[in-house]
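For reference, the chains in residue letters:
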Amino acid sequence: MAFSLVNLSSIITVVLNQSPWLFLILGLFAGYQISRIMIAHIAPIGFYDIPSADRTNSTDLVPRTAGLAFMASLFIGHQFGFIALPFLNTLLWGVLGFIGLLGLADDFNRRQPIAFISSTFKAKYTLIIAMITALGLLWPLQATPETITSNSISVSRLFEFTPQFYLSQPMNFVFFGYPLPSLYLFLFLGITLLCWGIPNLFNLIDGLDGLAMGYFGMVIFVVMRFPNGDLIPGPGFWGLWAMVFYLNLKKIHYLGDVGSLSMGLFLAVTSVLYIQSHLLEHFLFLFAYPILDTLHVILLRWKQNRPLGQGDNCHLHHFIWRQTKKNLTWTLPILWTLGFLPMLRLWGSPNYQQLSLIGLGLLVIVLGFSFTVQFNEKTAPIIKS
């Protein structure tokens, strides 16, 4: 009898459903083994980080394969059934793969990068990918009831491969209490902007070991939930995330553009699918840290009469890192706290709402302090090529 991958997936799912710990262990194992394969066989082709004085990697050649290992493990885990990711159909996996290839090209041979892979090139092609993603999310597929197994608990709910926004149904679009028109063009442009902006913003905060990977885990922890509060990704997902996060934190390998772009698009897609249409302001709170940090850097470059697209070491993570005497033990918890507190708006409880506003205010104050100090500094910022 022929043994197919479908049969293997079914067997794995049945076995793993007996214990959530098996999911966790398998996720850890998959993350470690695929990371090891990437480091041993992919990095030597030319996917190494260049030592730089403006970040924590100043002495060693470190593989830029963590993001590739994570996304590859995520895809394999989803296909074999030990990681449940509702809504992710073939088209969405395709755009995640394509934006990953774009990042892979940018990661290759950092000493002599491919000439045409410029910031303008990436901006243009990530925009095209974002438009395709928006079309895919708005495609009119029929909603079907199905049961999703997550955390070893079967939860029945009416799922759609298209988001709540699909305009064949009357929707209630509200932003900070103000109703918005349900126009397909506005909706398409909004999702396109989100799916274009978040991968690029996520890429910009990937400047310290463990920062972006930790932020990714926080966003998933906050947004990917059933109405009863249960997390959608089960222990297999968190085991995978924890292993790649640990290896990234220990400078075993960095995310690279392939990771930051594809993981950023993953965050954009999941936020579209899980944030309710009458609470559109939640997008701003969920991504407050990268949005405000980017605005802070743009304003700083503008006031210093420097090109807005010029890379430098003026991001908030660079500033906090310098203030803590380049001590990651203090820098990362500070940045994670500033990123996490505004997200609590999504959890609905009055206490969380207050903490979210406090966190947002604290983030604005810290960014304002960063801007003032860096604007008045006499030393010029380190410019990235």
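Predicted model only: the values in this text are computed from it and were never measured. (Residues numbered from 1 in each chain as written. Predicted model: local features only at pLDDT ≥ 70, side-chain atom pairs only at ≥ 80, totals over all residues. Heavy atoms only, no water.)

Draft legend 1. Examining the nonpolar core more closely. By size, the foremost hydrophobic cluster in this structure holds 82 residues, and its most contacted members are Phe 70, Leu 74, Tyr 215, Phe 216 and Leu 316. If sequence neighbours within four positions are ignored, Leu 316 has contacts with Tyr 289, Asp 293, His 296, Leu 335, Leu 338, Leu 363, Val 366, Leu 367 and Ser 370. (Core = buried A, V, L, I, M, F, W, Y, C linked by side-chain atoms within 4.5 Å. Buried < 20%, exposed > 50% of the residue type's maximum accessible area, 1.4 Å probe, protein only. Contact = heavy atoms within 4.5 Å.)

Draft legend 2. Quick peek at the pattern of salt bridges. If you walk through the whole model with that rule in mind, you get three salt bridges. We note a salt bridge from Arg 64 to Asp 49, for which the minimum N-O separation is 2.6 Å. Of this pair, Arg 64 sits in the loop between strand E2 (62-63) and helix H3 (66-80) while Asp 49 sits in strand E1 (residues 48-49), placing them 15 residues apart in sequence. With a relative accessible area of 7%, Arg 64 lands in the buried category. Residue Asp 107 pairs with Arg 64 through a salt bridge whose shortest N-O separation is 2.8 Å. Residue Asp 107 is located in helix H4 (residues 90-107), and its partner Arg 64 is located in the loop between E2 and H3; the two are separated by 43 residues in the primary sequence. Side by side, Asp 107 and Arg 64 carry an identical accessibility label, which is buried. Through salt bridges with shared partners, a single network forms among Asp 49, Arg 64, Asp 107 and Asp 257. (Salt bridge = Lys/Arg side-chain N within 4 Å of Asp/Glu carboxyl O. Helix = DSSP H or I, 4+ residues; strand = E, 2+ residues; numbered from the N terminus.)

Draft legend 3. Layout of the environment of Ser 271. In this fold, Ser 271 is placed in helix H9 (residues 256-274). Sequence separation between Ser 271 and Ile 220 is 51 residues, and the spatial gap between their C-alpha atoms is 8.8 Å. Non-local contacts of Ser 271, meaning those with residues more than four positions away in its chain, are made with Leu 194, Val 223, Phe 283, Leu 286 and Phe 287.

Draft legend 4. Region of the structure containing the side chain of His 296. Mapped onto the secondary structure, His 296 falls in helix H11 (residues 288-303). A polar contact of 3.0 Å, which involves the side chain of His 296, links it to the side chain of Ser 370. (Polar contact = N/O pair within 3.5 Å; in protein donor to acceptor, adjacent residues only side chain to side chain.)

Draft legend 5. The packing of helix H12 (residues 316-323) against helix H13 (residues 328-340), seen in detail. Between H12 and H13, the shortest axis-to-axis distance is 9 Å and the interhelical angle comes to 140°. Looking at the two axes, H12 sits oblique to H13. Of the two possible hands of crossing, H12 and H13 adopt the one that is right-handed. Contacts between H12 and H13 involve Leu 316, His 317, Ile 320 and Trp 321 from the former and Leu 328, Thr 331, Ile 334, Leu 335 and Leu 338 from the latter. Each residue belonging to the contact of H12 with H13 can be placed in one class, and the counts come to seven nonpolar, two polar and no charged. (Axes fitted to C-alpha atoms, helices over the stretch in contact; angles between N-to-C directions. Parallel < 35°, antiparallel > 145°, perpendicular 65-115°, else oblique. Left-handed = near helix turned anticlockwise from the far one by under 90°. Nonpolar A, V, L, I, M, F, W, Y, C, P; charged D, E, K, R; others polar.)

Draft legend 6. Layout of the packing of aromatic side chains. All told, the structure shown has 20 aromatic pairs when counted by the stated rule. Ring centres of Phe 237 and Trp 238 lie 5.1 Å apart, and the angle between their planes is 85°; on these two criteria the pair is classed as edge-to-face. For Phe 237, a relative accessible area of 0% gives the class buried. Assessed through its relative accessible area of 17%, Trp 238 is described here as buried. Just above the ring of Phe 221 sits the side chain of Arg 225; from NZ or CZ to the centre is 4.6 Å. Just above the ring of Trp 321 sits the side chain of Lys 326; from NZ or CZ to the centre is 5.2 Å. (Phe/Tyr/Trp six-rings, centres within 6.5 Å; stacked < 30°, edge-to-face > 60°. Lys NZ or Arg CZ within 6 Å of the ring centre and 35° of its normal.)

Draft legend 7. Expanded view of the confidence of the model for the chain. Residues at a pLDDT of 70 or more form 81% of the chain, whose mean pLDDT is 82. With pLDDT under 50 throughout, residues 142-168 is counted as low confidence; its partners more than four residues away or in other chains account for 81 contacts. (pLDDT = per-residue confidence, 0-100.)

Draft legend 8. Representation of helix H14 (residues 350-376) in the model. Compared with an ideal rise of 1.5 Å per residue, which puts 27 residues at 39 Å, H14 spans 39 Å between its outermost C-alpha atoms and is within 8% of the ideal. Against the buried residues of H14 lie helix H10 (282-286), H11, H12 and H13. (Expected span 1.5 Å × (residues − 1).)

Draft legend 9. Region of interest: unusual backbone geometry. Even without being glycine, Phe 176 reaches a positive phi, approximately 50°. Here Phe 176 is to be found in the loop between strand E5 (173-175) and strand E6 (178-180). Owing to a relative accessible area of 39%, Phe 176 belongs among the partly exposed residues under this scheme. Its identity is not glycine, yet Asn 305 carries a phi of approximately 55°, on the positive side. As for its position among the elements, Asn 305 is in the loop between H11 and H12.

Draft legend 10. Region of interest: the environment of Ala 288. Following the sequence through the fold, Ala 288 ends up in helix H11. In the structure, Ala 288 is positioned 51 residues away from Gly 339 in sequence and 7.1 Å away in space, judged by C-alpha atoms. Once residues lying within four places of it in the same chain are set aside, the contact partners of Ala 288 are Asp 293, Pro 342, Leu 360 and Leu 363.

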